[in-house]
Structure formats: structure tokens, C-alpha cells
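# Tertiary structure, described
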Amino acid sequence: MSTHGENYLTAERGWRSWITTRDHKRIGVMYLTVILISVLLGGLFALAVRLHLWNPDGLLVSNDVYNRLFTLHGAVMIFLFIIPGIPAAFGNFVLPMMLGARDVAFPRLNLLSFYLYLAGTVFFLAVLVFGGIDTGWTLYPPYSFESGKGLALLLALLGVFIIGFSSILTGVNFIATMHNMRPKGMGFFDMPLFAWGLYATSIIQVIATPVLGITVALGFVEYLFHIGLFMPEYGGDPVLFQHFFWFYSHPAVYIMILPAMGVVSEVVSVFSRKPIFGYRFIAMSSIAIAIIGFLVWGHHMFVSGQSKWASVIFSVLTLLVAIPSAIKVFNWLATMYRGSIRLDTPMVYVLSFLLLFGVGGLTGLFLGSLSTDVPLHDTYFVVAHFHFVMVGSVLSAFMAALHYWWPKMTGRLYDERIGRWTAVMVLLGFLLTFVPQFIMGAEGAPRRYATYPYEWELLSRLSTVGAFVLGSGMFASLINLLQSLRRGGRRAPANPWGAATLEWFTTSPPDPHNFHGLPPLTGPYNFSVLQYIGGETGWVRRDGYNV
Ligand code: HEM
Ligand SMILES: [Cu+2]
């Protein structure tokens, strides 16, 4: 039992102790900081894009600058925020504690991953300084590797390459941690489901990310030496690039969503005060999604000129993903059914997740079906689909995780009422932004254009207003969290939510070594061991073990 003395934030002081730390918790916090700065940056680009689209003729910038804005928006959000987001920040912070471990398997490698991520971020900022790129985040040739794109393109390729290594190393580290650092008595099927989500994610990171690395490396060489890989004028094949790119980038969407689903599994159970329904099904469906996710990349290429039979097969395989996804949604709903649900901030975000993932996933079926994708491809319908899954779902889960683990990370409680209302604001802003895009897309509005016909003015303006509501909601929720850090902010007890996973059985913030002797294991969703005694202590264990 620790006294409420030193914790991982105060045990060592000064910036030097941070930049050389091997503590997974500090590394998690550093990731979180850079990731939140990236979100702000990506968000500013998004607001600029939406502001420009206020007028059918464009309001703000030239067409060329518009192309650079949406490219950087997409690239920053995808590579700096939504891919690393949940695993790097929250995975690092909580995974070892969930396993009762002192740290990840390879703490030094973990710090290296962080620095690689940071270096990639710096490269992206350099892209900005050198004028940005206008290729779209997908970098499709021939356009993207035409001569004269300049230094910014090379910097972007290097940035993606470096960040890829960061992602691979994190994956290796997490796999090793889950295999080797579990305490005696915790089998694989006793791990919290967030850990299972990270496990499935790590497999994808390790297997798929090297392909991205090779692809950008080949792009680099093609651009500099014209060796004829992707560019028709030198004898290359642009469709080959698309295969390489989506062989990574489709699995990458599961790198984003699987950890998010892990967060949802934790929060749904804790805030319904019911053991998770269908634990094994949720765990195994993560692995199923990871495996099937490797077989469907061609659904991004139905109109690329790939063979008809390839398209048919990819279409069928794509629809298979719906099965494990639906299993999860069913199990979450069954967990909530007759639970005593508390609508605290993390749970509000999770309810948003369920709604938005439902819509996002179902619209994926329209796009996965060959015949309906052909007219919908490259319209705003696709933009709305992937924002429902990436922003609607993954961002909601990220915000849920942020509010759920914030008391553990900082030892402070934020204002619950503001937290809840900002969550509702984020949801409403989101819907207002992207529902109009579904409608425009179904009417045939093409994506990535700087101007549009007058008939879409109203829908487009609604979308712009929504984006500002969403942005303000995000901003307000971050201010609410930061407010809790001020002098005299409310202190968090060890277990403010009454959760049964191990990270809640150490102090908030945790000791530098996480635990002084492991608390007795009771199963991650066994809430019967907990008792609410109110006051500043909140939830304690009935068996007498207390931090
Ligand atoms: C649930 C099952 C899902 C299915 C069946 C599905 C299907 C599809 C299909 C067929 C496309 C290509 C549409 C086109 O370009 O014409 C697409 C695009 C996309 N999807 Fe999904 N999707 C699903 C879930 C997700 C998830 C969970 C994410 C991310 C977290 C995601 C992210 C994306 C992205 C980023 C694109 C567009 C990329 C681009 O062209 O810029 N999807 N989806
Ligand atoms: Cu895909």
C-alpha cells in the first residue's frame, strides 16, 4: 500500500527527467501532448477547408491552396492523430497497469518509438514550411510523382516512412508485453478487452506497416530516379501503387478502430455496472477483423481498372467484415441491456460511438457492394462514410478514453457537467457536418473540389456551421480537462468510476512503479468485489485490499 506521497509525475522533476524517461506512463503523456497538438493543427486545416466551401465559388483561398489544405488536413489527422492516437497515448499509459506489470516489455524501445513519432511530426511541419503538397493523403500517381513537386513531397514521404517505424515498434512492444508480462493467474482470456483490441491492432501494425514503408520508399526512388515503378511515362503502373497503398491503408483503418472498440468495451461495461456480455466473442472478433481486414483492400479500387473478377471477390470479402463488427455491436448493446447505466462523460461519448459507428459501418456496406460503389466512389458519400467511422467513432472513443483515464493520469477530476455537455455538442456538431455530406454525395457531389454548383450551397453551409460547432465542442472539452489541473482542482480517488480492471487499484496518479505488490486478481469485469462508500474515497474493494 502506498502512502499518498510521490507519484510518477512528481518522483523526478525537470524536463530532462521527462525526455530521457523510460516510464510507460510518462511516454504515454508525452504522446498524448503531441497528439493533441496535432489534432489542433489538423482541425485548423479542416476549418479552413469548410470555411472556403461556404461559397460555391470558394471564399478563402486559391484552388491550388485549397488542394494543399485538404491534403495536409487528411495527412495530419491520419498519420499523426488517428493511427497512433489511442494505442500510443492510452495503450502506453494503461496497458502495463492493466496487466499488473511495471512497464512494457521494452521500455527503451518505447522511448525510441516516441522519438520516431516526434521526428515524423517535425517532418510534417517542415512540409508546411516548404509550401505543402497538393496530392491528397493517398498520394496516387501519376499526379503525385510528377516532376516539380519539390522538397515538400520528399519530406512528406520521409515523414510517413519514419512514423511507420514508430508504429511497428509500438506493435512489437505491445505484443511482447502481453505475452510476457501478464501476472501469474491471468490467462489471455482474462485480459481486459482493451488489451485484446491492442493485441489485434499490434498484429496489423507489425504486418501491414512495412508495406507502407516499402511503398513510400519506392515512391521516393521513382520520383528521384524515374525507374519506372508507378509512372506510366517511364514504364510503370499507377494501379500497382494503389494495390500497395491500400494493402496497408485498409488494414490501417482497423489500426484505428480496434483500439477504439477496446475502449468502448471497457466503458460500456463499467458504466452499465454489468460484466461485459460475450467476452470471448468480442475478443475473437477483434482478431477476426484483423485477419479479414487484410483481404479486402481492393474495395478502394473498384473503378481503377482492376479486373472485374477481382472486384467481385473483393466485394464479397468486404461484406464479411460486417459480421465480426456486428457481433461487437450486439454484445455492447446486450451489456447495456438492463444495466444500471450512468451517463458520465465517457459513457456519453461511447453512446455517440455506437450511433455513429452504426451509421458509418452500414454505409460501408453500400460502398463495399460493387454495384452501388461505382456511382458513389469519389463523392462526398465516401467522405461522410469515413468521417463517420474515423471521426464519429474513433474520435468519440478517443474522447471517451481521455475522460475515462484522465483522473488516473492526472489525479484530478474534471467538471462532469461541462464534460457531458461538450460531448453532446461534439455529437451534434458532428452530425450537422457530415449528414449533409451524405446527401450531397448521394446526389453526386464529387469530393476534393474547391468549388461546387449553387444547388449545394445550403447543404454545404450547414456542413460548415457543423464543423465550427464540432471544433468548439472539442476545444471546450479540452479546456475543461485542463481546468482540472489548476491549483486546488478536485483530487481524484484511486477508482472514481468503480471499475474492476487493475489500473484502478493503484493510486491516482500511479506510483512510478505502478504497484507495490500486485492486488489480488478478480477478473476485469467482476464488479461484485467493489463497494461504494461515498465521500472522497468513492469505490473500494470488499476484500479489504485497498490502495
Ligand atoms: C464496417 C465495415 C466497413 C466497410 C464495409 C467499409 C467499406 C469501404 C469502402 C468500400 C470504401 C471505398 C469507397 C470508395 O472509395 O468508393 C471505404 C472507404 C473508406 N473507409 Fe471504409 N468501410 C468500413 C469501415 C471503415 C472503418 C472502421 C474505417 C476507419 C476507421 C473506414 C475508413 C475508410 C476510409 C478512410 C475510406 C476512404 C479513403 C479515401 O479514399 O480517402 N472504413 N470504406
Ligand atoms: Cu477499405
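Anything mentioned here points back to the structure above.
In short, a report on the structure. Computed from a predicted structure; not experimentally measured.

Scanning the entire structure with this criterion turns up 42 aromatic pairs. Between phenylalanine 161 and phenylalanine 165 the ring centres are 5.3 Å apart and the planes differ by 70°, which places this aromatic pair in the edge-to-face class. One end of the pair is phenylalanine 161 and the other is phenylalanine 165, both in helix 6 (residues 151–180) and four residues apart, which spans about a single turn. What makes phenylalanine 161 partly exposed here is its relative accessible area of 29%. Here the aromatic residues Phe79, Phe124, Trp137, Phe145, Phe230, Phe241, Phe244, Phe245 and Trp246 are joined through ring pairs into a cluster of three or more.

What follows deals with the site of ligand 1. Near ligand 1 there are 20 residues, and of these Trp137, Asp373, His377, His385 and Arg447 occur at the shortest range. Residue histidine 377 places a side-chain N or O atom 2.7 Å away from an oxygen atom belonging to ligand 1. Of all the elements in the fold, those that place two or more residues in the shell around ligand 1 are helix 8 (238–272), helix 12 (345–368) and helix 14 (380–410). When residues in the shell around ligand 1 are grouped by element, the largest group, five residues, is from helix 14. Across the shell around ligand 1, the residue classes tally to 10 nonpolar, eight polar and two charged.

Once that is clear, we can look at the coordination of the iron atom of ligand 1. In this structure the iron atom of ligand 1 is ligated by exactly one protein donor, His385 (NE2), at 2.2 Å. For the pair the iron atom of ligand 1 and the copper ion (ligand 2), the metal-to-metal distance amounts to 4.6 Å. Following the sequence through the fold, histidine 385 ends up in helix 14.

On to the environment of leucine 60, then. Structurally, the position occupied by leucine 60 is in the loop between helix 2 (24–52) and helix 3 (63–82). The spatial distance from the C-alpha of leucine 60 to the C-alpha of serine 113 is 38 Å, given a sequence separation of 53 residues. In this view, leucine 60 contacts Ala48, Leu51 and His52; residues no more than four positions away in its chain are not counted.

With that settled, consider unusual backbone geometry. Backbone torsion omega between proline 141 and proline 142 reads 5°, so that peptide bond is classified as cis. With respect to the helices, strands and loops of the structure, proline 142 is situated in the loop between helix 5 (107–129) and helix 6. Residues serine 508 and proline 509 are joined by a peptide bond in cis, for which omega reads -10°. Looking at where proline 509 falls in the secondary structure, it is placed in the loop between helix 16 (457–483) and strand 1 (530–532). We note that histidine 226 has phi near 50°; this positive angle belongs to a residue other than glycine. Looking at the element boundaries, histidine 226 is found in the loop between helix 7 (193–225) and helix 8.

The coordination sphere of the copper ion (ligand 2), as far as protein atoms go, consists of His250 (ND1), His299 (NE2) and His300 (NE2), spread over 1.8 to 2.0 Å. On the basis of relative accessibility, which here comes to 5%, the residue histidine 250 falls in the buried class.

Turning next to the side chain of serine 463. The topology assignment puts serine 463 in helix 16. For serine 463, a relative accessible area of 0% translates into the label buried.

Basis of the calculations
Residues numbered from 1 in each chain as written. Chains lettered and ligands numbered in written order. Predicted model: local features only at pLDDT ≥ 70, side-chain atom pairs only at ≥ 80, totals over all residues. Heavy atoms only, no water. Phe/Tyr/Trp six-rings, centres within 6.5 Å; stacked < 30°, edge-to-face > 60°. Helix = DSSP H or I, 4+ residues; strand = E, 2+ residues; numbered from the N terminus. Buried < 20%, exposed > 50% of the residue type's maximum accessible area, 1.4 Å probe, protein only. Near = heavy atom within 4 Å. Polar contact = N/O pair within 3.5 Å; in protein donor to acceptor, adjacent residues only side chain to side chain. Nonpolar A, V, L, I, M, F, W, Y, C, P; charged D, E, K, R; others polar. Donors = N, O, S within 2.8 Å, 3.2 Å for Na, K, Ca; no water. Contact = heavy atoms within 4.5 Å.

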